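Structure assessment
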Amino acid sequence: MPDRIARPPANKENRIRGVMDGTHAGIFTERSVMTSFAIGSTYHGFVLERKEFLPEIHSTVFLFTHAVLGCQALAIKNQDENKTFCVSFMTVPEDSTGVAHILEHSVLMGSEKYPVRDVFGEINKGGLMTFLNAMTGSDTTWYPFATRNLKEYFNIMDVYCDVVFNPLLLRSTFEQEGWHYHLENEEDQLQYMGVVFNEMKGAYSDPIRSLFHHIYRGLMPQSTYAHESGGDPRRIPDLSFEQFVEFHRGHYHPSNCTLFFYGDAPLDEELAYVQQNFLARYTAPAAKARIEPGLDLREPLCIEDTYPVQPGSPTAQKTFLAISSTVGTVHDRKLNAAFQIIANILFNSDGSPLKKAIINAYLCKDFGGLFLSNASFKTLMITYLVGTDPEKRDHFLALYKATLSRMVEERLDKDLVLSELNRYEFSVREEMNKAQRGLDLIGKALPAMKHGLTPFEALQIDALLAEIRKDATENGYFEQLIRTYLLDNPATVTVTLAPDAEKMAQNLQEEQQRLDAFGQSLDTDGRRRLVERTQELIALQSAANTVDDLRRLPRLTLADLDAHPPFHAVQPALLGHTELLINDLETNGICYLDLGFDCSALPLELLPYLDLFATILTEIGTEQKDYMQFAKAINLCTGDFSHSVQVYVRQGEPQTVRPILWVHAKVLSAYLEQAIDLISEVLASVDFSDEHHIEEIIHREFAWAEHAAQSDGYSLALTRAFSHLSRAGQYNEQIHGIQAYLHLKGLAGNYLEHEATLHAALRQIRDLLLRRQGLIVTITAEDREISRFQELGASLVNALPDLPVVPARPSFPTVPATQAFTTSAEVVYNVQACTLFPDASRYNGSFEVLRTWLSRDYLWNTVRQMGGAYGCFIQFNHLTGNFGMISYRDPQVRKTFEAYEALAKVIGSLSLSDESLQQLIVGAYGTATPHQGPATRGATARNDYLAGITPAFRQQRIEEIIRTSVDDLRGFAPLFAQLSAKPIRATIGGREKIDQDRTLFEHVTEL
């Protein structure tokens, strides 16, 4: 199993746009779902408006309207056991106080039927849910969950419906989740505190968020979308408790909601449940919220603003620049699908003449773009430059328009168009493999339904793509659209966001002035009462729910668990003399190929180059194709060609490691032979002679690495902490951690000085890595494609020299055990780690139950609710025994580390009721039996095989989880003494907060 960094539970961004993991929903026929519902008939208060079997999604879709309330319900029924429910509301902001976002957090804190403090947290502690969350968009808030267990499905449906329709909305909840004046002692400094307040402080550390906010405000002035629905930290304290309660009253009536049902649950029972338990009590409809369209932009607009960077840091080539135009509305399906493809043709493909022109003009470190088809009623095309300067704006705009005009006049390159059409169609095909298929389909239907469109068209695209392909390849369709909507469109805004070394101090000063003004308005008695209120809130946050209140929540029991769940394992085989790992799974005609290259031969000095080498390998081209030709060729025959680096540890051998570079390809079966030939060409003749493009890649990669470090750098802190604990952690630090980041920073900052060394390193890594011996090949596909690959795949192996891998055994440098790294963020990320199990044999499944309690109870309560962090999670590897805790968007430093170091005492005195223990066992069981798509299932099985983890081991762990006792949990307490005995800490974030607790760290470094 790789000793690698985990992501936090919340959905997180992949640079600009987030991506979701996938699974296969199964192939269904119309006969396999319920078809007895009649159009025009009423079922439990819902009138069936339309019913249709959609072959593209292998589902029967039902659209209902409630006879009294007018709300709609969409049901997508098939044989997918991962049942998904969602209730969404139109939540239209009128300002940037974040009221919809705070309300999303707050309704989950207790309801009339479930007067439990933090209902969401209690549900999250123990269940088999495969998804559980709530999200606030620019005009909608939705509450989705998914589970494979029918009993749990109706349990959580009941809870979710009750919390949204009948929440308690206590003032203390508003203060905890939104904001409050915080003063623990009269002599302390007054501060703002609140989970959403700190979350959005972290979000606003990302300049890209500011860039997008300016785009929306500029293109749609005075509209709903000109407001920050998540909340601007400067405006959040403007929100009153009374306004908060009124927003719920005006937006959470069922007439303003939409219901979604997905999967194999009985539709009749779903409709009956929501009607009888919730909707029947409402006897009259209410007004629906209305989106404010605002004004149309009738002439180009330029917006200039700044974002904070650390004082004294260089500002050259740190500007973000964007140009964005309104294209149409969500009604324009063909136009929107076409622009999804056009965005990749123009902005993202390395085969794009526009991208080449911009990069070759040295205007920026990276250039890209995207099309937003459903983030608002209007659809937007956005082009952005990363790592530019304000004075380059006019040059960019002129070059952008001139190059687009030339591309239109000369017609788009046919191979480029075909490659991006193929890649887009691949992404559509792969959607069938998504783990949260129901959530994905709901995400397609919701934007249509909230704007009065039919969801049936939104759920289908095959015919539309065929029409677009014909028009694009025969009729110059894309060129016409570029001319109309990008070149001749007055509704265009240009945003320049420049770095400002003084802005962070200005922001903090403005906040402090506002706090001081409030503090000065308090007399002695008022200050005393504020301290009392703060202590009262802390006491409420510390108080446990009563056993009687907790018993009101519906729960699963141990009897609901399958004592012998299935575990997928790879089938080892040979491809010639090369190890082949086979995953025979349903993949909807897609082959997932992984080529693993043993990195053990790399000496220490080459490890910081490894990730760069892999990036360059997958895009630089070959002796036969330059990088632009290669980009078109690879996109024509694959849906993805990428890499990852993982460091493996064998069970029972924690200090024996095997670092592997994986090269990944996703291929439709029809293109398998073509893809194999092209990848073989890369392995045999990768060409590093294009020095100019390699330089571009280095600057691009550092621009994004710097952005990640400044706005969301917890993974760097975690990697540094884990580097103290094992050889695998030392490898990761050199490849992915702060050491690699600083190496990349130096390379980008003095490129010409280091260019020769870089090129020598690339050639050395190629010669040491791309060898037949030590190669591992993995395929995840269906049986027919596996057989074809076994016939065709020998060319991949034969493209490599038949040379041995000689381990280098690098000696790693030591670094301080307690370190902090400062960025321009206003929050911090705190990591503390230790080797919890020096003797790995002491680990057993009961620790997974304790781990569930730690992350979903103790840390949730102490670091999130009481400390004000957005979240806190655990990283643990049972093969090395290494354990770490990570706080996310945290306003605290010392308090968080104090919470970490209290664990030995807290666990030693842990007391749980039988019901609470059973709840944690169910939660740990759910984590140990995840719902995965075929690509993830295949990767998990591959990793298990390389780590020596067998299905028998996983089964033993399940049995240990199920029979866990409270004494088992307390028995782990002495192990946590290592957290304070030999503290290993790493914090990354705002300098002001780090300086306040400077004594916790041996060394502080500015990133």
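Residues numbered from 1 in each chain as written. Predicted model: local features only at pLDDT ≥ 70, side-chain atom pairs only at ≥ 80, totals over all residues. Heavy atoms only, no water.

Attention now goes to the overall build of the chain. Per the secondary structure count, the chain includes 38 helices and 28 strands. For 1007 residues, the compact-globule formula gives about 30 Å, and the C-alpha radius of gyration of the chain, at 28 Å, lands near that figure. With the principal axes as the frame, the chain shows a C-alpha extent of 75 × 65 × 60 Å. Out of the 1007 residues in the chain, the part that is buried amounts to 62%. Restricting the contact set of the chain to residue pairs at least 6 apart, pairs at least 24 apart contribute 82%. Carbon and sulfur atoms make up 49% of the accessible area of the chain, which totals about 37200 Å². If you average the places of the 92 positive and of the 127 negative side-chain charges in the chain, the two averages end up 1 Å apart. (Helix = DSSP H or I, 4+ residues; strand = E, 2+ residues; numbered from the N terminus. Rg over C-alpha atoms; globule rule 2.2 N^0.38 Å. Buried < 20%, exposed > 50% of the residue type's maximum accessible area, 1.4 Å probe, protein only. Contact = heavy atoms within 4.5 Å. Areas by Shrake-Rupley, 256 points an atom, 1.4 Å probe, with all protein chains shown as cover. Lys, Arg positive; Asp, Glu negative; His and termini not counted. Charge placed at Lys NZ, Arg CZ, Asp CG, Glu CD.)

The subject of this paragraph is helix 33 (residues 914-928). With 15 residues, helix 33 extends 21 Å between its outermost C-alpha atoms, agreeing within 8% with the 21 Å of an ideal straight helix rising 1.5 Å per residue. The buried fraction of helix 33 is high, at eleven of 15 residues. Of the surrounding secondary structure, the elements contacted by the buried residues of helix 33 are helix 2 (119-125), helix 19 (547-551), helix 30 (846-866), helix 35 (951-962) and helix 36 (966-970). (Expected span 1.5 Å × (residues − 1).)

As a further point, take the UniProt feature "domain: Peptidase M16C associated" (unreviewed entry) in the chain. Mapped onto the present numbering, the UniProt feature "domain: Peptidase M16C associated" (unreviewed entry) falls on residues 497-747. Here residues 497-747 runs as 50% helix and 21% strand, with 25 Å between its end C-alpha atoms. (UniProt positions renumbered as here; feature names shortened; annotations may be inferred.)

As a further point, take the pattern of salt bridges. Tallying each qualifying case throughout the model produces 56 salt bridges. Between Asp139 and Lys450 there is a salt bridge, with the nearest N and O atoms lying 2.6 Å from each other. Of this pair, Asp139 sits in the loop between strand 7 (135-136) and strand 8 (140-147) while Lys450 sits in helix 13 (residues 437-450), and the two are 311 residues apart along the sequence. A residue is classified by how much of its surface remains accessible, and Asp139, at 0% relative accessible area, is buried. Between Arg529 and Asp525 there is a salt bridge; the shortest N-O distance is 2.1 Å. With a gap of four residues between them, Arg529 and Asp525 both fall in helix 18 (residues 524-542), about one helical turn apart. When its relative accessible area of 46% is taken as the criterion, Arg529 is described as partly exposed. (Salt bridge = Lys/Arg side-chain N within 4 Å of Asp/Glu carboxyl O.)

A few words on empty space enclosed by the protein. Any space left empty among the atoms is revealed by the rolling of a water-sized probe across them. In the structure shown here, the tally under the stated rule is six cavities of 30 Å³ or more. Put simply, the largest cavity is a space of about 170 Å³. Lining the largest cavity are 15 residues, with Ile123, Gly126, Glu152, Pro554 and Arg555 positioned closest to its centre. Contributing elements (two or more residues each) for the lining of the largest cavity: helix 2, helix 3 (150-165) and helix 33. With four residues, helix 3 is the largest single contributor of residues to the lining of the largest cavity. Here the residues of the lining of the largest cavity sort into eight nonpolar, four polar and three charged. Here the second largest cavity defines a volume of roughly 120 Å³. Taken together, Asp350, Ser352, Lys355, Lys356, Ile359, Lys365, Asp366, Tyr627, His693, Glu696, Ile697 and Arg700 form the lining of the second largest cavity. Residue assignment for the lining of the second largest cavity shows that the elements contributing at least two residues are helix 10 (353-360) and helix 23 (691-712). Residue contributions to the lining of the second largest cavity peak at four residues, all from helix 23. Counting contributing residues per domain, the lining of the second largest cavity is built from domain 2 (301-499) and domain 3 (587-799), each supplying no fewer than three. (1 Å grid on protein atoms, 1.4 Å probe; cavity = no way out; pocket = protein on both sides within 12 Å on 5 of 7 lines; lining within 4 Å. Points joined across faces, edges and corners; volume = space filled by probe spheres on them. Nonpolar A, V, L, I, M, F, W, Y, C, P; charged D, E, K, R; others polar. Domains from an automatic or database assignment.)

Moving on to the environment of Leu850. Checked against the element boundaries, Leu850 lands in helix 30. When the C-alpha atoms of Leu850 and Ser911 are compared, they prove to be 12 Å apart, with 61 residues separating the residues in sequence. Setting aside residues no more than four positions away along its own chain, Leu850 makes contact with Ile907, Leu969, Phe972 and Phe976.

Right, let's talk about the pairing of strand 20 (residues 640-650) for a bit. Pairing of strand 20 with strand 21 (residues 653-668) involves eleven bridges; the strand directions are antiparallel. Of the residues in strand 21, the one forming a bridge with Asp640 is Lys666. Where strand 20 hands over to strand 21, the hairpin turn is made up of two residues, of which Gly652 adopts a positive phi near 85°. (Pairing = 2+ DSSP bridges.)

Each strand in a sheet pairs with another by means of backbone hydrogen bonds, the pair being arranged parallel or else antiparallel. Ordered in space as 17-18-22-19-21-20, the six strands form an open sheet in which the pairing is mixed. Unpaired on one side and paired on the other, strand 17 (571-575) and strand 20 mark the two borders of the sheet. For this sheet, the mean inter-axis angle between neighbouring strands, taken without regard to orientation, is 25°. Of the pairings in the sheet, the one linking strand 19 (residues 590-598) to strand 22 (residues 776-781) comprises five bridges and is antiparallel in character. Residue pairing in the sheet places Tyr592 in a bridge with Thr780 of strand 22. (Axes fitted to C-alpha atoms, helices over the stretch in contact; angles between N-to-C directions.)

This next bit is on the sheet that holds strand 24 (residues 828-835). Strand order in the open sheet formed by six strands is 25-26-24-27-23-28, and the pairing between neighbours is mixed. The open sheet has two free edges, formed respectively by strand 25 (871-877) and strand 28 (1003-1006), since each of these has just one partner strand. For this sheet, the mean inter-axis angle between neighbouring strands, taken without regard to orientation, is 15°. Where helix 24 (residues 714-722) meets the sheet, its contacts fall on strand 23 (818-823), strand 24, strand 25, strand 26 (882-888) and strand 27 (984-990), and the angle it forms with strand 24 comes to roughly 20°. Contacts from helix 31 (residues 894-901) reach strand 24, strand 25, strand 26 and strand 27, with the element oriented near 25° to strand 24.

Okay, the domain arrangement of the chain next. When the domains of the chain are assigned, the result is domain 1 (41-206 + 227-290 + 522-552), domain 2 (301-499), domain 3 (587-799) and domain 4 (818-1006). The gap between the C-alpha centroids of domain 3 and domain 4 is 30 Å. Across the contact, 32 residues belong to domain 3 and 34 residues belong to domain 4. Carbon and sulfur atoms make up 65% of the area that domain 3 and domain 4 hide from each other, which totals about 2900 Å². Counting every contact that joins domain 3 to domain 4 gives one salt bridge. A salt bridge links Asp594 to Arg942, with the nearest nitrogen and oxygen atoms 3.1 Å apart. (Buried area = accessible area lost by both parts, 1.4 Å probe.)

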